[in-house]
Structures are given as C-alpha cells and as structure tokens.
Amino acid sequence: MLGSSDCVGGGGGGGGGGGTHGLLTLHYGKHHASLFDEVHQWFDAESHADLALVCGGGTSGGGTTTCLRAHRLVLASASPLIHRLLADRPHNEAATVTIHLPDICPRHMRHMLQFLYTGQASVQVSTTTTRSSTH
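Values in this document were obtained by computation on a predicted structure and should not be read as measured data.

Conventions used here
Within each chain, residues carry numbers counting from 1 in the order of the written sequence. Confidence filtering applies because this is a predicted model: local features only for residues at pLDDT of at least 70, side-chain atom pairs given and counted only at 80 or more, and all residues used for totals across whole chains, interfaces and linings. By convention in this description, side-chain values take in all heavy atoms of the structure and omit both hydrogens and water. Two strands make a pair as long as DSSP finds a minimum of two bridges between them. Strands are runs of DSSP state E lasting at least two residues, helices are runs of H or I lasting at least four, and both sets are numbered from the N terminus onward. For every element, the axis is a line fit to its C-alpha atoms; helices are fit only across the contacting stretch, and the angle between N-to-C directions ranges from 0 to 180 degrees. When accessible area is computed with a 1.4 Å probe and restricted to protein chains, residues below 20% of their type maximum are described as buried, those above 50% as exposed, and intermediate ones as partly exposed. Given the number of residues in a helix, its expected span is that number minus one, multiplied by 1.5 Å. Arc definition: it is the arc formed by the directions from the helix axis to the C-beta atoms. Between two residues, a contact is recorded if the distance between any of their heavy atoms is within 4.5 Å. The set of buried Ala, Val, Leu, Ile, Met, Phe, Trp, Tyr and Cys residues whose side-chain atoms join them within 4.5 Å is what this entry labels a nonpolar core. The term salt bridge refers to a pairing of a side-chain nitrogen on Lys or Arg with a carboxyl oxygen on Asp or Glu at a separation within 4 Å.

**Q** Please set out the sheet that holds strand β4 (residues 65–70) residue by residue, giving values where relevant.
**A** Strand order in this open sheet of three strands is β4-β3-β5, and the pairing throughout is mixed. The open sheet is flanked by β4 and β5 (97–101), the only strands paired with a single partner. On average, adjacent strands in this sheet sit at an angle of 20° to one another, irrespective of strand direction. Pairing between strand β3 (residues 51–56) and β4: six bridges, direction antiparallel. By the bridge assignment, A52 is partnered in β4 with R69.

Okay, structure coming up:
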C-alpha cells in the first residue's frame, strides 16, 4: 500500500524558498514473507551460497565428511560465534568461506540449518538423545 506524508522544509531543497516537500512512503505488505521464501529457496538449491560447512570426519580425520552450503548473512545473524569468525577474517566478498566442524554430525547440522532458514525442523525422535536430570 502506498501512502504519503508531507515533510515541511525550512528553506532547503529545490522549487524556490522554503516550500513543502513531499515524502512518499512505499510499503509492501508481503515483503517479509517474500524475502523469507526467496532465501529459503536459495538454501534448498544452494544458490548464492558463500559459506561451506564441512562436517563429520571426526577430529582424527578418518571418517566421511559432508560439505553443506549456506549463506554468511543468515548464519552470522543467528550465531555470535560465526559472526565473530567472519568478522576476524579479511574481507573478500567473492571468496567462499569454509568452516570445518569435524565433530558435528552432518545430519544434525542439516537440521540446524533447516531451523535457521525456516524457523522449524523435523527431527526423528530416534535421533535425539534425552537426558534425565538428577538432583
């Protein structure tokens, strides 16, 4: 929906001394949903990804690794650690940043990424561990 409001200027801007300047406010009601859908599609297709998360393999490096692609903006917004890691490196916008997470199960990281991009994740109950608290 488009709306306008007047901005009264005190002698500045074109059109001769001290007139009223119009201010046009643009509003797109579906902006958040549209942006959300677009970024989610990028995640699903691994489009425009500028971050690689190499998961698995263990600290000894003997296991299988999986590379998951994501977007720096999304992960840095959600994680202070990733934000710090990205802030501490030289800025080269064209280069893909690779973060190695050898002790993280690729399936679990995929669920985490799904949650960060969509706000929800479906995880099999059998893959979660429950801890009982003892007092």
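So that's the structure; there's more coming.
**Q** So, the pairing of β3: which residues are in play, and what are the values?
**A** Of all six residues in β3, six are buried; the element is thus mostly enclosed. Where β3 meets β5, five bridges bridge the pair, whose relative direction is parallel. Bridge pairing in β5 places L53 opposite I99.

**Q** Tell me about helix α4 (residues 106–118), residues and numbers included.
**A** The end-to-end C-alpha distance of α4, which contains 13 residues, comes to 18 Å, matching closely the 18 Å that a straight helix rising 1.5 Å per residue would cover. Within α4 the residues assigned to the buried category are M109, L113, Y117 and T118. All buried residues of α4 lie within an arc of 150° about the axis, which places them on one face of the element. On the buried face of α4, the contacting elements are α1 (31–45), β3, β4, α2 (72–78) and β5. G119 occupies a position one or two residues after α4 and carries a positive phi of about 85°.

**Q** Explain the nonpolar core residue by residue, including any values.
**A** Of all hydrophobic cores here, the largest spans 17 residues; its most connected members are L53, L75, L113 and Y117. Looking at this core, the elements that each hand over two or more residues are α1, β3, β4, α2, α3 (80–87), β5 and α4. Look past the residues within four positions of L75 in its chain and what remains in contact with it is L51, L53, A70, I82, L113, L116 and Y117.

**Q** Give me the environment of S122: which residues, what numbers.
**A** Position of S122 among the secondary structure elements: in the segment after α4. A sequence separation of 11 residues divides S122 from H111, and the C-alpha atoms of the two residues are 7.4 Å apart.

**Q** If you had to explain the pattern of salt bridges to someone new, which residues and values would you point to?
**A** Under the counting rule described, the total for this entry stands at one salt bridge. Across the salt bridge formed by R72 and D50, the nearest N and O atoms sit 3.3 Å from each other. Placement of R72 in helix α2 and of D50 in the loop between α1 and β3 is noted, with a sequence separation of 22 residues between them.

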